[in-house]
Amino acid sequence: MSQNFVIISSSILGLGCYKHLKAQGHNISVFFTFDESDSSMSSINISSSLLDKFIHSPLIHWNKSNDHDNFENILKHASPKENTLLVIGFPRLISKKILDMGWKDCLGFHMSDLPEGKGRSPQIYTILFNTRNVCSCLFRLTSTADDGQIISKHCVPNSSHYKLEDIFDITFSLAHKCLEDLLNFKPYLLSKEDRLISPTTYQRRYPKDSEIYYSSSFEEVMLLVRAQREPYPLPFISLNQSKLTLIDFTCHALDESIQIDNSE
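Analysis parameters
- Residues numbered from 1 in each chain as written.
- Predicted model: local features only at pLDDT ≥ 70, side-chain atom pairs only at ≥ 80, totals over all residues.
- Heavy atoms only, no water.
- Helix = DSSP H or I, 4+ residues; strand = E, 2+ residues; numbered from the N terminus.
- Buried < 20%, exposed > 50% of the residue type's maximum accessible area, 1.4 Å probe, protein only.
- Polar contact = N/O pair within 3.5 Å; in protein donor to acceptor, adjacent residues only side chain to side chain.
- Contact = heavy atoms within 4.5 Å.
- Disulfide = S-S within 2.5 Å.
- Salt bridge = Lys/Arg side-chain N within 4 Å of Asp/Glu carboxyl O.
- 1 Å grid on protein atoms, 1.4 Å probe; cavity = no way out; pocket = protein on both sides within 12 Å on 5 of 7 lines; lining within 4 Å.
- Points joined across faces, edges and corners; volume = space filled by probe spheres on them.
- Nonpolar A, V, L, I, M, F, W, Y, C, P; charged D, E, K, R; others polar.
- Expected span 1.5 Å × (residues − 1).

J.: Just to check I follow, could you spell out the side chain of Ser152 for this structure?
T.: When you line up the elements, Ser152 lands in strand β8 (residues 150-157). Classification of Ser152 by relative accessible area gives buried; the value is 1%. A polar side-chain atom of Ser152 sits 2.6 Å from a polar atom in the side chain of Asp181. Residue contacts for Ser152: discarding those within four places in its chain leaves Ser136, Cys137, Leu138, Cys178, Asp181 and Tyr188.

Now the structure itself:
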């Protein structure tokens, strides 16, 4: 049985979920996204060329951060009673005014082992905090960040070898499993492990948080260079008046001969 959705997204995951839903015959009446020129958005947002290629539903760019009234007015005409609002990879809280429009349901994704890791940059903190699991959660939206009922959660064990791009690949794959649970009306049952999870909140990270200090341990450096990858601010070292940015890295044994072909 086909279901109806309105999607609000600014990430590649949103595009992937859109394609997944359309391929299975479900209806997306509107697809909202931030304009890629919005400086407040990460550069991993959806490019206009991808949207033009794949989105066949009415497409609306919400390209002004203060354009809340227009945003709400458009949503009012999206038949909320007939649609599930699905928020995917969106960096701002959806207002209570929008949540109260009478949707069939209001759901969002968060890539942590909720209630652990509410808040910002969960995939980065999965590495920095060396969390036990890599997870994707589908949950019911409330006016408080990442605080609603869990609808589906899928996890795999974390690894000290994962870089950020690995975490994104894993969480995106797990998100599709969550979406399948939703489409198949599969209820989520809290496990014993879930009941032992302590609620935590991840704080917003700033470019200055990527600095490597001369006092940093090897372990601290390794965590940072694995977690801070493009398109996010890369790790850097301050040297006199210069800023040396670490683009990529490899590890070598201490007695290994290393040749550097070129450098920037």
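So much for the structure itself; the text now carries on.
J.: For this particular structure, what's the right way to read the state of the cysteines?
T.: Covalent bonding between the sulfur atoms of two cysteines defines a disulfide. On inspection of all chains with the given rule, the structure shows one disulfide. Between Cys137, a cysteine without a disulfide, and Cys135, which holds the nearest cysteine sulfur, the sulfur-to-sulfur distance is 6.2 Å. Here Cys137 falls in the buried class, since its relative accessible area comes to 0%.

J.: Would you take a moment to explain the pattern of salt bridges for this structure?
T.: Opposite charge on two side chains makes pairing possible when the charged atoms of those side chains draw close. If you walk through the whole model with that rule in mind, you get seven salt bridges. Asp105 serves as the salt-bridge partner of Arg140, at 2.7 Å between the closest nitrogen and oxygen. Residue Arg140 is located in strand β7 (residues 133-140), and its partner Asp105 is located in strand β5 (residues 105-110); the two are separated by 35 residues in the primary sequence. Where Lys153 meets Asp113, a salt bridge forms, and the shortest distance between an N and an O atom there is 2.6 Å. Of this pair, Lys153 sits in strand β8 while Asp113 sits in the loop between β5 and β6 (118-119); the two residues are 40 residues apart in sequence, bridging distant segments of the chain. On the basis of relative accessibility, which here comes to 7%, the residue Asp113 falls in the buried class. The network of salt bridges with common partners includes Asp113, Lys153 and Asp194.

J.: Got a minute to help me understand unusual backbone geometry in this structure?
T.: Peptide bonds are mostly trans, and most non-glycine residues show a negative phi. Between Leu114 and the following residue, Pro115, the backbone shows a cis peptide bond with an omega angle of 10°. In this fold, Pro115 is placed in the loop between β5 and β6. Located in the positive-phi region is Ser79, a residue other than glycine, with phi close to 55°. With respect to the helices, strands and loops of the structure, Ser79 is situated in the loop between α3 (68-76) and β4 (84-88). Residue class for Ser79 comes out partly exposed when judged on its relative accessible area of 34%. Residues other than glycine seldom take positive phi values, yet Asp146 does so here, at roughly 55°. With respect to the helices and strands, the residue Asp146 is situated in the loop between β7 and β8. Asp146 gets classed as buried once you look at its relative accessible area, which sits at 15%.

J.: Sorry, what's going on with empty space enclosed by the protein here?
T.: Over the atoms, a rolling probe the size of a water molecule traces out where space has been left empty. Taken as a whole and assessed by the stated rule, the structure comprises one cavity of 30 Å³ or more. Within this model, the largest cavity holds a volume of roughly 30 Å³. Along its surface, the largest cavity is lined by Met111, Ser112, Asp113, Glu116, Thr126, Thr131, Asn133, Val134, Cys135 and Tyr202. For the lining of the largest cavity, the element with the highest residue contribution is β7, accounting for three residues. Classifying every residue of the lining of the largest cavity by side-chain character gives four nonpolar, four polar and two charged.

J.: Would you mind going over helix α6 (residues 164-183) with me for this structure?
T.: Residue pairs spaced three or four apart in an α-helix point in one direction, given the helix's 3.6 residues per turn. Its 20 residues give α6 an end-to-end C-alpha distance of 29 Å, which sits within 8% of 28 Å, the value for a rise of 1.5 Å per residue. If you check which residues of α6 are buried, you get Leu164, Ile167, Phe168, Ile170, Thr171, Leu174, Ala175, Cys178, Leu179, Asp181, Leu182 and Leu183. Positive phi appears at Phe185, one or two residues downstream of α6, with a value of about 55°.

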